[in-house]
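Geometric and topological summary
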Amino acid sequence: MEAANLSAAATGVALPSGPEASNSSPSPGAVVRSTPGGAALPGRQPPFSVFTVLVVTLLVLLIAATFLWNLLVLVTILRVRAFHRVPHNLVASTAVSDVLVAALVMPLSLVSELSAGRRWWLGSSLCHVWISFDVLCCTASIWNVAAIALDRYWTITRHLQYPLRTRRRASTLMIALTWALSALIALAPLLIGWGEAYDAQLQRCQVSQEPSYVVFSTCGAFYLPLGVVLFVYWKIYKAAKFRFGRHRRAVLPLLATVQVKEAPHEAEMVFKARRPTLTFQESGDSWRERKEKRAAMMVGILMGVFVLCWSPFFLTELISPLCACSLPPIWKSIFLWLGYSNSFFNPLIYTAFSKNYSNAFKSLFTKRR
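Given the structure is predicted, the values throughout are model-derived calculations rather than measurements.

Enumeration over the complete set of coordinates arrives at 17 aromatic pairs. Ring centres 5.4 Å apart and planes at 65 degrees place the aromatic pair F344 and F345 in the edge-to-face group.

Spelled out as structure tokens, the structure:
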């Protein structure tokens with residue numbers, strides 16, 4: 001967006017060389033447009049193009065869908081008593097952060113995108129509030145994803161040592177640490193003066209570009225939880241693969257033993273005594289296998305969407321201040337809104353792998369009707 005403004009200004013100010021050039025400088029308030037022949041003529045600023053209107057419409061729909069979908073998840077968790085336990089409190093914490101992203105962060109970011117040159121016209125105070133909520137809510141959303149992955153990992157690999165009481169305490173601790181760390185990263189520039197978010201001369205509002213704060217914030221908000229999620233998913237995949245292989249080795253010899261015994265009376269006794277036990281073990285193991293595969297698939301999709309949405313933004317955020325290089329503003333906007341879209345995908349992934357949520361949604365809407 002800013003690159004387009006700069007290029008338009010460059011083509012508009014280019015005047016023919018010669019004596020007339022020194023006397024033909026445009027006035028400060030005039031808007032210059034170029035004709036096909038290259039002459040610069042004063043005129044009005046061109047209106048929004050069809051493409052710009054389409055993009056703004058899509059962003060508004062994304063904001064509304066993110067807010068409504070996460071709000072629906074929160075209302076469902078609050079209304080259904082069966083959801084007042086782990087892991088739904090982790091899902092509720094994620095939905096709270098994503099609702100705040102849609103309600104407080106994304107609309108102001110859209111206002112900044114629509115302004116000429118991405119200038120901030122809303123003052124210093126609102127700039128600091130917006131940047132603080134941006135860092136707080138996005139960081140909390142990312143760490144909540146890591147907390148859900150950790151809860152699934154402990155449930156699969158330590159289901160005997162991870163009872164409901166321990167799980168509840170662990171989830172409460174993870175939620176508290178998530179929001180405390182997010183608040184520390186968001187408020188550090190305001191509390192200790194670690195860089196400045198608002199530039200009055202350029203009318204810019206952005207996260208502090210102090211190199212030390214950039215390293216601290218990007219590592220704490222993305223790279224550290226990314227390492228946690230990758231490690232957890234690798235352990236879940238390894239545990240699920242080991243359990244599946246052990247289950248096949250344990251069942252096949254037992255079936256072979258049952259088939260070998262062909263004596264009429266003994267076979268009948270074995271059939272009556274052992275068949276219920278064998279059937280119970282098969283159904284129990286297959287049910288646990290299905291549950292573990294579903295959890296591993298959910299964590300895998302959650303991790304994949306999380307990495308695809310946030311990696312481009314945090315890579316550019318870390319590299320740009322350190323190498324003193326700048327990415328075109330249009331790509332910065334694309335990477336930023338791609339990261340915001342992760343707040344839209346999170347509730348879709350949670351509810352897609354849970355029949356309880358789909359049934360709760362149906363009952364919620366049927367009761368209202």
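Among the nonpolar cores identified, the biggest contains 35 residues, and M106, W310, W337 and Y340 are the most heavily contacted of them. Among the elements of the structure, α2 (50-79), α3 (88-114), α4 (124-157), α5 (164-192), α6 (211-260), α7 (264-323) and α8 (329-340) are those that each provide at least two residues to this core. A per-element tally of this core places α4 first, with 8 residues. The residues contacting W337, other than those within four sequence positions of it, are L59, L62, I63, M106, S109, L110 and E113. Listed in part, the 33 residues of the second largest apolar core include F83, Y153, V232 and V305.

Our focus in this paragraph is the packing of α3 against α4. One way to put it is that α3 packs onto α4 with a least axis distance of 8 Å and a crossing angle of 150 degrees. As the angle between them shows, α3 and α4 are arranged roughly antiparallel. Along this stretch, α3 crosses α4, giving a crossing that reads as left-handed. Looking at the contact of α3 with α4 residue by residue, the classes come out as 14 nonpolar, 7 polar and 3 charged.

The next point concerns the pattern of salt bridges. Taken as a whole and assessed by the stated rule, the structure comprises 2 salt bridges. Among the salt bridges present, the one from R152 reaches D151, with a minimum N-O distance of 3.4 Å. The exposure class assigned to R152 is buried, which follows from its relative accessible area of 17%. A salt bridge links R167 to D151; the shortest N-O distance between them is 2.9 Å. In this pair, R167 is assigned in helix α5 and D151 in helix α4, connecting sequence segments 16 residues apart. For R167, a relative accessible area of 15% puts it in the buried group. The class for D151 is buried, based on a relative accessible area of 0%. Look at the salt bridges and you will find they share partners, linking D151, R152 and R167 into a network.

The next subject is the confidence of the model for the protein chain. In the predicted model, the protein chain carries a mean pLDDT of 76, and the fraction of residues at 70 or more is 72%. Every residue in residues 1-45 scores below 50 in pLDDT, and together they form 32 contacts with partners more than four places removed in sequence or on other chains. Ignoring residues within four places in sequence, the model shows residues 250-285, a span with pLDDT below 50, making 12 contacts including any to other chains.

Before going further, it helps to spend a moment on the environment of G195. Mapped onto the fold, G195 is located in the loop between α5 and β3 (198-199). Note: C-alpha distance between G195 and Q209 (14 residues apart in sequence) is 6.6 Å. Ignoring any residue separated from it by four or fewer positions in sequence, one finds G195 in contact with P189, S208 and E210.

Turning to unusual backbone geometry, a few remarks are in order. For Q203, which is not glycine, the phi torsion reads 55 degrees and is therefore positive. Summarising the element assignment, Q203 is placed in the loop between β3 and β4 (204-205).

As a further point, take a nonpolar patch on the surface. Residues L104, V111, L122, L126, V129 and F133 make up a contiguous nonpolar surface patch of roughly 430 Å² in combined accessible area. Listed by contribution, the elements that provide at least two residues to the nonpolar patch are α3 and α4. No other element matches α4, which puts 3 residues into the nonpolar patch. Among the residues examined, V129 registers a relative accessible area of 40% and is labelled partly exposed.

Take the side chain of S341 next. Along the chain, the position of S341 falls in the loop between α8 and α9 (342-352). On the accessibility criterion, S341 (8% relative accessible area) is buried. If near-sequence neighbours (up to four positions away) are discounted, S341 is found in contact with L62 and C309.

Turning our eyes to something else, we now look at the environment of R152. Tracing the sequence through the fold places R152 in helix α4. Placed 84 residues apart in sequence, R152 and I236 show a C-alpha to C-alpha distance of 8.3 Å. Those residues in contact with R152 that sit more than four places away from it in its chain are P87, R167, I236, A295, M298 and V299.

About the cut-offs
Residues numbered from 1 in each chain as written. Predicted model: local features only at pLDDT ≥ 70, side-chain atom pairs only at ≥ 80, totals over all residues. Heavy atoms only, no water. Phe/Tyr/Trp six-rings, centres within 6.5 Å; stacked < 30°, edge-to-face > 60°. Core = buried A, V, L, I, M, F, W, Y, C linked by side-chain atoms within 4.5 Å. Buried < 20%, exposed > 50% of the residue type's maximum accessible area, 1.4 Å probe, protein only. Helix = DSSP H or I, 4+ residues; strand = E, 2+ residues; numbered from the N terminus. Contact = heavy atoms within 4.5 Å. Axes fitted to C-alpha atoms, helices over the stretch in contact; angles between N-to-C directions. Parallel < 35°, antiparallel > 145°, perpendicular 65-115°, else oblique. Left-handed = near helix turned anticlockwise from the far one by under 90°. Nonpolar A, V, L, I, M, F, W, Y, C, P; charged D, E, K, R; others polar. Salt bridge = Lys/Arg side-chain N within 4 Å of Asp/Glu carboxyl O. pLDDT = per-residue confidence, 0-100. Patch = residues over 30% accessible without salt bridge, like charges linked within 9 Å, V, L, I, M, F, W, Y side chains within 5 Å. Areas by Shrake-Rupley, 256 points an atom, 1.4 Å probe, with all protein chains shown as cover.

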